[in-house]
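One-letter residues, chain by chain:
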Amino acid sequence: MSTLSLYPDTEAYETGSPFMKKAGGEEETFDYIFVDAYKNDHLKFHELTLKLVKIVGIIAYDNTLWYGSVAETEKEVLVLDDRIKKNRDFVMEFNSFIAADPRVESSILSIGDGLTLCRRLY
């Protein structure tokens with residue numbers, strides 16, 4: 001089983017890179033991909049991961065409930081931290097896109113800050 005984590009931390013990438021190379025992870029498709037990245041890049045990562053994950057493989061996206069802000073009204077959002085407000089729209093756009101994407105079957109789990117699991121259908 002191959003695993004790929006897209007994470008915006010250079011140190012984490014450098015730590016894991018030798019293991020991925022040894023496992024042959026750079027030249028094959030993957031069974032499971034976990035994405036915990038900049039929220040404004042989730043749609044780009046989705047397109048990339050669909051090319052890398054096997055059919056019936058799983059893609060997991062972290063923080064898809066974004067501190068619960070995706071369920072808040074616009075009035076309630078006004079009092080939230082600026083960082084949460086800034087990324088809320090990206091997360092909501094991503095969640096809507098995933099729900100309508102016919103290439104995946106998806107489910108949002110309400111664990112932690114939200115985890116979306118997508119199973120590639122074709």
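This text goes with the structure placed above it.
This report concerns the structure included in the present document. If you're wondering where the values come from, they're calculated on a predicted model, not measured in any experiment. (Residues numbered from 1 in each chain as written. Predicted model: local features only at pLDDT ≥ 70, side-chain atom pairs only at ≥ 80, totals over all residues. Heavy atoms only, no water.)

### Observations regarding the nonpolar core
- Residues F30, I33, V35, A37, L50, V53, I59, Y61, F94, I98, V104 and C118 constitute the largest nonpolar core, which totals 12 residues.
- Non-local contacts of V104, meaning those with residues more than four positions away in its chain, are made with H46, L50, I98, C118, R119, R120 and L121. (Core = buried A, V, L, I, M, F, W, Y, C linked by side-chain atoms within 4.5 Å. Buried < 20%, exposed > 50% of the residue type's maximum accessible area, 1.4 Å probe, protein only. Contact = heavy atoms within 4.5 Å.)

### Comments concerning helix α2 (residues 42-52)
- Those residues of α2 that sit buried are H42, H46, T49 and L50. What you see down the axis of α2 is that its buried residues fit within an arc of 105 degrees, all on one side. Away from the buried face of α2 by more than 90 degrees, exposed residues K44 and K51 are located. (Helix = DSSP H or I, 4+ residues; strand = E, 2+ residues; numbered from the N terminus. Arc of directions from axis to C-beta.)

### As for the packing of α2 against helix α4 (residues 82-100)
- In the contact formed by α2 and α4, the axes pass within 9 Å of each other and the chain directions differ by 30 degrees. Contacts from H42, L43, H46 and E47 in α2 reach E93, F94, F97 and I98 in α4.
- Of the residues contributing to the contact of α2 with α4, the split by class is four nonpolar, two polar and two charged. (Axes fitted to C-alpha atoms, helices over the stretch in contact; angles between N-to-C directions. Nonpolar A, V, L, I, M, F, W, Y, C, P; charged D, E, K, R; others polar.)

### Quick look at the packing of aromatic side chains
- In this structure the tally under the stated criterion is two aromatic pairs.
- A ring pair is formed by Y61 and F94, whose centres lie 4.7 Å apart and whose planes are at 65 degrees; its orientation type is edge-to-face. Taken together, the residues span a long stretch of sequence, with Y61 in strand β3 (residues 53-62) and F94 in helix α4 at a distance of 33 residues. The pair formed by Y61 and F94 is uniform in burial state, with each residue classed as buried.
- On the numbers, 5.0 Å between centres and 75 degrees between planes, the contact of W66 with Y67 is edge-to-face.
- Looking at Y67, the relative accessible area reads 46%, which means it is partly exposed. (Phe/Tyr/Trp six-rings, centres within 6.5 Å; stacked < 30°, edge-to-face > 60°.)

### Concerning the pairing of strand β5 (residues 115-120)
- Alignment of β3 against β5, held across five bridges, turns out to be antiparallel. From the neighbouring strand, I58 faces β5, where its bridge partner is R119.
- The pairing of strand β4 (residues 104-109) with β5 spans six bridges and is classified as antiparallel. Pairing of S107 across the sheet is with L117, part of β5.
- What sits between β4 and β5 in their antiparallel hairpin is a turn of five residues, with G112 showing a positive phi close to 60 degrees. (Pairing = 2+ DSSP bridges.)

### Looking at α4
- For α4, spanning 19 residues, the distance from its first C-alpha to its last is 28 Å, which sits close to the expected 27 Å at 1.5 Å a residue.
- The largest bend in α4 amounts to roughly 35 degrees and is located at R88.
- Listed in full, the buried residues belonging to α4 are I84, N87, R88, V91, F94, N95 and I98.
- On its buried face, α4 is in contact with α2, β3, α3 (74-77), β4 and β5.
- Two to three positions downstream of the cap, the backbone nitrogen of R83 sits 2.8 Å from a side-chain oxygen, assigning the N-cap of α4 to D81. (Expected span 1.5 Å × (residues − 1). Bend = angle between axes of the 7 residues up to and from the residue. Polar contact = N/O pair within 3.5 Å; in protein donor to acceptor, adjacent residues only side chain to side chain.)

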